[in-house]
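Analysis of the macromolecular model
Here are the chains, one letter per residue:
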Amino acid sequence: MDADVVVVGAGLAGLQCARRLQRNGLTVQICESRDGVGGRVRTDRIDGFLCDRGFQLLNPAYPAVRAFIDVASLDLQTFGAGVMVRKGQRLTTLRASLSRPGGESSVLSSGLIKPKEIRGLLRWLGPTLLRPSSASRATRDSTLADSLDAVGVTGALRRDVIDTFLAGVLADSSGASSANYARLLMRSFVRAIPGLPSKGMAALPEQMAASLGAPVRVNTAVRDLRETDNGVEVDTDRGRIRARVAVTAVGAEDLEELTGEKTPPTRGLTTWWFQAPEPPLEDPLLVLDASAPQGGPNGPVWHTAVVSNAAPSYAPAGSALIEATTLLDRPDGLADEREIRQHLERIYGASTRRWQVLINHRLPHALPVSTPPLIDRSVQRISERIFVCGDHRDTGSIQGALVSGDRAGQGIAGILAPASRRSDNEPSAKR
Ligand SMILES: Cc1cc2nc3c(=O)[nH]c(=O)nc-3n(C[C@H](O)[C@H](O)[C@H](O)COP(=O)(O)OP(=O)(O)OC[C@H]3O[C@@H](n4cnc5c(N)ncnc54)[C@H](O)[C@@H]3O)c2cc1C
C-alpha cells in the first residue's frame, strides 16, 4: 500500500479530510488536478491587486471556521455591517442592526424600511438566531420566496434589499432556494461581520495545506478509481496509487465521472474585477441596485463593492479595487464589459472611463443548488472503501465544505485507525 487513504481534490473539503485523517495517525496522499490547492477558494495576484476567483467572503462566525482555522493569523479585514442601496438618484446606507435597523432619518425617508417588514423579518429569522437547529433539516422547509411571503416581508425591503442580497449570496435570483439554508446564512451574518484575509482568500486553504504532514500532489488528476479485494486503486495521470480507502473531494461537476454518483446541479456567477485610480466612494460596504421599476437591479450587476475600502491589502497604495458580480441564471449574466461599465456608472454615479478590467472570472459551478428541504449531512460512504465529501454533501459554503471533509475523515478514522490513536475530542463544528 502507498498510503492508508487517497484524497482526490485539495479544496477545503479535501484538505480538512486529510488533516483529520492525519491527526488520527493515518497516512494520506492528496491528488489535486490543478496547479495549487484551494479549489474554488483561490486568488489571482495581478499587478499588485488580489483578485479572488469570484468575490467571496470569509465569515468567522462559521462554527467550522472557528473550530478548524487559525483565523487570527489570516489577519481578516472586515466589511462594514450593512449595505448601500442605489434607487434612482438616491444612494442609501442601511446599517445592519436588529435593534435599530437603519434608524437614521435619511433611511426612514428612503421608504426602504417599514416596521411591518422588520417585524416580519424578525419572525422569519428570530427562532434561527436563538436556536440554529430550528432551521435544520429536521424542520419544515419551503422556498425562500414563499417563506418571506408567509411572514409579510413583501414590500420595498424585500424587493430592493433582501431578494437582491440573497440572490448574490446564493447565486439564485429565482427565490427557489431553501428558506432554512437562507436563515442559517443570515444568522452567520448577524453573528459576525465577514471579511477578507490580508493575503487573499487563498490564504485559507494555504494555511490548511501548510499544516499537512505531506505535500499535496498538484497537477495530478485522478482519472479512475476502483475497489480491489483489500483496498482501492487510484489511477492518476502520474501513475497508480494503492490505498486502503479513497475519498473523492471533488466539486459537484466532477463527481459523476469519477464515482458514478449523480451530479448535483449547480449555480453560477461571474465576477468582474476593475482597478481604478481612486475609489468611487469611501464606504467598506456591499452596494446593491434597486432601480428597476419592479425593484432589484436595473442592469446585470447584482452586487458590487469597492473591495479595497474594506481590504486595503487587495490593492496597491493609491489605487482602488472594485468587484461587480452577475448571476448566470439571468439572461444578462454574461453581459459584456460595456454593459457592466454602464451599470456601474449608474450605481456609483461616477465615470468608469479611467477604470481598467483586471480579470473577469466566469464560474458556472460556483455553488451546489440548495432547494428545500435542506439536506445537510448527506450520505458520504458510497461503497465499502470509497467515500465522497464536498460542499454538495452538506451546504454550499465554506462551512459546508469544512464540515463535510471533517465528517468523512472522522468516518474513515473510525474504520481504519486504532482506537488508541483516534482524536475524537476535537472542537465541534456544529452550528
Ligand atoms: C464565486 C464564489 C463565491 C462564493 N462565496 C462564498 C462565500 O461568500 N461564503 C462561503 O461560505 N462560501 C462561498 N462560496 C462557496 C465555497 O467557496 C465552496 O462551498 C467551497 O470552497 C467548496 O469547497 P470543496 O472542497 O467542497 O470543493 P472545491 O473547492 O470545488 O474543491 C474540489 C477540488 O477537487 C479538484 N478536482 C476535481 N476533479 C479532480 C480530479 N479528477 N483529480 C484531482 N483533483 C480534482 C478540483 O480542482 C478542486 O481543487 C463561493 C464560491 C464561489 C465560486
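Residues numbered from 1 in each chain as written. Predicted model: local features only at pLDDT ≥ 70, side-chain atom pairs only at ≥ 80, totals over all residues. Heavy atoms only, no water.

Under an unreviewed UniProt entry, the name given to the protein is NAD(P)/FAD-dependent oxidoreductase, and the organism recorded is Brevibacterium koreense.

Digging into the side chain of D172
Note the threshold: Here a strand is any run of E in DSSP of at least two residues, a helix any run of H or I of at least four, and the numbering for each starts at the N terminus. Throughout this description, a polar contact denotes any pair of N or O atoms lying within 3.5 Å of each other; where both atoms belong to protein, one of them has to be capable of donating a hydrogen while the other can accept it, and for residues adjacent in sequence the pair is counted only when both atoms sit in side chains. The contact definition used throughout considers only heavy atoms, calling two residues in contact when any of these lie within 4.5 Å.
Here D172 lies in the loop between helix 6 (156-170) and helix 7 (179-191). Separated by 2.6 Å, the side chains of D172 and S174 make a polar contact. When sequence neighbours within four positions are dropped, the list of residues in contact with D172 reads A167, S177, R267, L327 and D329.

As for the sheet that holds strand 14 (residues 303-306)
Applied cut-off: Pairing between strands is defined by DSSP: at least two bridges between them are needed. Orientation is described by lines fitted to C-alpha atoms, with helices fitted over the stretch in contact, and by angles between N-to-C directions that extend from 0 to 180 degrees.
The mixed open sheet is built from seven strands, whose spatial order is 7-6-13-14-15-12-16. Each edge of the sheet is formed by a strand with only one pairing partner; in this case those strands are strand 7 (90-95) and strand 16 (356-368). Along the sheet, successive strands turn relative to each other by an average axial angle of 25 degrees, direction set aside.

Some words on the packing of aromatic side chains
Threshold: In this analysis, rings of Phe, Tyr and Trp, with Trp reduced to its six-membered ring, are considered paired at centre separations within 6.5 Å, and the interplanar angle assigns stacked below 30 degrees, edge-to-face beyond 60, and tilted for intermediate values.
Enumeration according to the criterion identifies six aromatic pairs in this entry. Each residue in the set W272, F274, Y348 and W355 is aromatic and connected to the rest through ring pairs, giving one cluster.

Remarks on the site of the ligand
What counts here: Here a residue is near a molecule or strand as soon as one of its heavy atoms is found within 4 Å of it. The protein chains shown are the only cover counted for residues, whose accessible areas, like all others here, come from Shrake-Rupley with a 1.4 Å probe.
Around the ligand lies a shell of 36 residues, among which A13, E32, R40, D391 and I398 are the nearest. Contact distances for the ligand include 2.9 Å between a nitrogen atom and a backbone N or O atom of V222. Contacts to the ligand include S397, whose backbone N or O atom sits 3.2 Å from an oxygen atom. If the ligand stood free it would expose 1000 Å²; the protein chains cover 92% of that surface. The set of elements that each furnish at least two residues to the shell around the ligand consists of helix 1 (12-23), helix 9 (252-259), strand 16 and helix 12 (398-416).

With respect to the domain arrangement of the protein
The criterion, for reference: Where a domain begins and ends is set by an automatic assignment or by a domain database. Accessible-area loss on putting two parts together, using a 1.4 Å probe and summing over both, is the definition of buried area adopted here. Salt bridges are identified by distance alone: a Lys or Arg side-chain nitrogen within 4 Å of an Asp or Glu carboxyl oxygen. Only Asp, Glu, Lys and Arg are considered charged in this grouping, and only Ala, Val, Leu, Ile, Met, Phe, Trp, Tyr, Cys and Pro are considered nonpolar; every other residue, Gly among them, is considered polar.
Partitioning the protein into structural domains gives domain 1 (3-42 + 202-264 + 373-421) and domain 2 (76-196 + 267-368). A straight line from the C-alpha centre of domain 1 to that of domain 2 covers 33 Å. Listed per partner, the contact involves 11 residues of domain 1 and 11 residues of domain 2. Contact with domain 2 buries surface across domain 1, with E253, L374 and G396 losing the most and accounting together for 50% of the total. Counting the contacts that link domain 1 with domain 2 gives zero salt bridges. When grouped by side-chain class, the residues that make up the side of domain 1 that touches domain 2 number two nonpolar, four polar and five charged.

A few points about the pattern of salt bridges
To keep it simple, the criterion reads: Note on classification: 1.4 Å probe, protein chains only; a residue is buried when its accessible area is under 20% of the maximum for its type, exposed when over 50%, partly exposed between these limits.
Per the stated rule, a full pass over the model turns up 21 salt bridges. In this structure, E233 engages R240 in a salt bridge whose closest nitrogen and oxygen atoms are separated by 3.6 Å. When its relative accessible area of 43% is taken as the criterion, R240 is described as partly exposed. For R267, the salt bridge is made with D329, and the minimal N-O distance between the two is 3.9 Å. One end of the pair, R267, is in strand 12 (residues 266-276); the other, D329, is in the loop between strand 15 (320-327) and helix 11 (337-348), and 62 residues separate them in sequence. The exposure class of R267 is buried, given its relative accessible area of 16%. Within this structure, D224, R226, E233, D235, R240 and R242 form a network of salt bridges that share partners.

Focus on the nonpolar core
The cut-off we apply is this: The criterion is simple. A nonpolar core is a set of buried Ala, Val, Leu, Ile, Met, Phe, Trp, Tyr and Cys residues joined through side-chain atoms within 4.5 Å.
Counting 86 residues, the largest nonpolar core has V7, W124, V247, V307, L321, I398 and L402 as its most contacted members. Sorting elements by how many residues they give to this core places helix 12 first, with eight residues. Counting contributing residues, this core receives three or more from each of domain 1 (3-42 + 202-264 + 373-421) and domain 2 (76-196 + 267-368). Every residue in contact with V307, bar those within four places of it in the chain, is listed here: F55, F79, L196, W273, Y314, L321, I322 and E323.

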